[in-house]
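Letter by letter, the chains look like this.
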Amino acid sequence: MSTFNKQKIVESVPQKGFFGHPKGLLTLFFTEFWERFSYYGMRAILVYYMYYEVSKGGLGIDKSTALAIVSIYGSLVYMSGIIGGWLADRVFGTSRAVFYGGIFIMFGHLVLALPGSLTMFFISMVLIVIGTGLLKPNVSSMVGDIYSEEDNRRDAGFSIFYMGINLGGFISPLIVGSVMKYSFHLGFGIAAVGMFLGLIVFIVTKKKNLGLAGTYIANPLSPTEKKKVFTKFGLGAVIVAILIAVAIPMGLLTIETFIALVGILGFLIPAIYFFVMYRSPKTTATERSRLIAFIPLFLASVMFWSIQEQGATILANYADERTQLDFAGLHISPAWFQSLNPLFIIVLAPVFAWLWIRLGNRQPSIPQKFSLGLLFAGISFIVILLPGYFGGTHSLVSPIWLVLSYLIAVIGELCLSPVGLSAATKLGPAAFSAQTMSLWFLSNAAAQALNAQIVKFYSPATETLYFGTIGGIAIVLSILLFVLSPKIQGFMKGVR
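This structure is a prediction, so every number in the text was calculated from the model and none was measured. (Residues numbered from 1 in each chain as written. Predicted model: local features only at pLDDT ≥ 70, side-chain atom pairs only at ≥ 80, totals over all residues. Heavy atoms only, no water.)

J.: Could you give an account of the overall build of the chain, with specific residues and numbers?
T.: From N to C terminus, the chain includes 16 helices and two strands. Compactness check: the chain gives a C-alpha radius of gyration of 22 Å against a globular reference of 23 Å for 496 residues, within 12% of the reference. Seen through its C-alpha atoms, the chain measures out along the principal axes to roughly 65 × 50 × 50 Å. Across the 496 residues of the chain, 50% fall into the buried class. The long-range fraction of contacts in the chain, counting pairs at least 24 apart against all pairs at least 6 apart in sequence, stands at 82%. When the accessible surface of the chain is totalled, it reaches about 22,200 Å², and 71% of it is carbon and sulfur. Distance from the positive charge centre (34 side chains) to the negative charge centre (20 side chains) of the chain: 9 Å. (Helix = DSSP H or I, 4+ residues; strand = E, 2+ residues; numbered from the N terminus. Rg over C-alpha atoms; globule rule 2.2 N^0.38 Å. Buried < 20%, exposed > 50% of the residue type's maximum accessible area, 1.4 Å probe, protein only. Contact = heavy atoms within 4.5 Å. Areas by Shrake-Rupley, 256 points an atom, 1.4 Å probe, with all protein chains shown as cover. Lys, Arg positive; Asp, Glu negative; His and termini not counted. Charge placed at Lys NZ, Arg CZ, Asp CG, Glu CD.)

J.: Give a description of the side chain of Thr313 that names residues and reports values.
T.: Along the chain, Thr313 falls in the loop between helix H10 (285–308) and helix H11 (314–321). Relative accessible area serves as the criterion here: at 1%, Thr313 is assigned to the buried category. The residues touching Thr313, leaving out its near neighbours within four places in the chain, are Leu67, Val70, Ser71 and Val455.

J.: Tell me about the packing of aromatic side chains, residues and numbers included.
T.: Taken as a whole, this structure holds 26 aromatic pairs when the rule is applied. Taken together, the aromatic side chains of Tyr48, Tyr49, Tyr51, Tyr52, Phe121, Phe122, Phe184 and Phe188 make up a single cluster linked through ring pairs. For Lys63, the ring lying beneath its charged end belongs to Tyr51, and the centroid distance is 5.2 Å. Lying over the aromatic face of Tyr278, Arg288 brings its terminal NZ or CZ to 5.8 Å of the ring centre. (Phe/Tyr/Trp six-rings, centres within 6.5 Å; stacked < 30°, edge-to-face > 60°. Lys NZ or Arg CZ within 6 Å of the ring centre and 35° of its normal.)

J.: Please provide a residue-by-residue account of the packing of H10 against helix H13 (residues 366–391), values included.
T.: Contact geometry for H10 and H13: axes closest at 9 Å, N-to-C directions at 25 degrees. Considered as vectors, H10 and H13 are oriented roughly parallel to each other. As H10 runs across H13, the sense of the crossing is left-handed. Contacts between H10 and H13 involve Leu297, Ala300, Ser301, Met303, Phe304 and Ile307 from the former and Ile366, Pro367, Phe370, Gly373, Leu374, Ala377, Gly378, Ser380 and Phe381 from the latter. Split into classes, the residues belonging to the contact of H10 with H13 amount to 11 nonpolar, four polar and no charged. (Axes fitted to C-alpha atoms, helices over the stretch in contact; angles between N-to-C directions. Parallel < 35°, antiparallel > 145°, perpendicular 65-115°, else oblique. Left-handed = near helix turned anticlockwise from the far one by under 90°. Nonpolar A, V, L, I, M, F, W, Y, C, P; charged D, E, K, R; others polar.)

Keep in mind that these numbers describe shape and distance, not what the molecule does.
Okay, here's the thing in structure tokens:
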């Protein structure tokens, strides 16, 4: 898109009206708030719905399989963002991608809200994966569209937008977790209503608040390209459908083999990304050096998110079966613990922003911040093994242990996650700036693909060994990364 067209779009957006920011931020804030409300509300009870017995309203899936499926689901959500971004850039534009994504998500939650079979469950997962892939990356892109490149409010606007994400993630597990004991389907229905409200906000306010933002197609397909692309997509869909139809009756495509397949793709796709960008003639020698520096940061990110994302699987199971949930007649829903991560981020993010500014040039380098993030992630798992190590794995433990573990992991997240977003914009080759951001998000996809393979090793008997091994590996890698930080910094060619 030309600078002229970009300027026209920005000028068409009312420039003040939401905390001194463009009114479009109001639309995007509440659209994302309700989308995250629906996503985190659903995710807070999803693993329980899968492994609870049918008599308790669940599907009765084997616990290890249920934990792996939640990880695979998370991995696919992040992978689908690549397709969603491409469709917005080449076919829909971001505004329509957000709208279509919301529709898919809402119907996915509605399918979950209807009592049904395992087949209906997988249909709902497909709908939500497609919808989140369309909505999540593109609503963030629209935030950038409502500011000119010279507007110094842009970073503050993203910070306000980020608060919308975490407010939705904080509130929804408390509400959905409260109704879980009555009906899982009621909880999923509340998630569907959340997404419906997000769509209403978007539809009603977008014309007035967003103007032309999101309506352009950055790099539209030509008529000839459309024909070729849609032909390839159609043939691909037919081939995949035939393979699935043949493989399932033959026993070749099972839940286990699908988990293994996604596990391979989780690492294969980013490896291909790195290879293509490094070998491209559009990548300069300096950019190749920076790309090499990005590799250890990417791997550190995979290790970090592997631990952090187990908050929705292993720690969710720990909250359900190993934690004392009854106090003075009050029952704590295990799903409520899913609100701790966004709560701590809301409280601590301003503190870290102030800290980095206060330290100025004395603050740790990017690789050193990554090593700190890994260190805290490892410690969070060491902390959660302590009650089992000292008191045994058959007695219930105080919820304070879980709260402390989540808190330490969030401290690590604030050292690594915002810094990683910044590093992706600085270290990526100019010709692949958007793809580098997609690559950064694929570290989470790879992490959850990895989790799907390792969660099967968790049980009460192996609890201490499980947490100790993963936490110990993270701590060792953090020390190694810290030692190598000067070398990595050298490859970054002036980027700090």
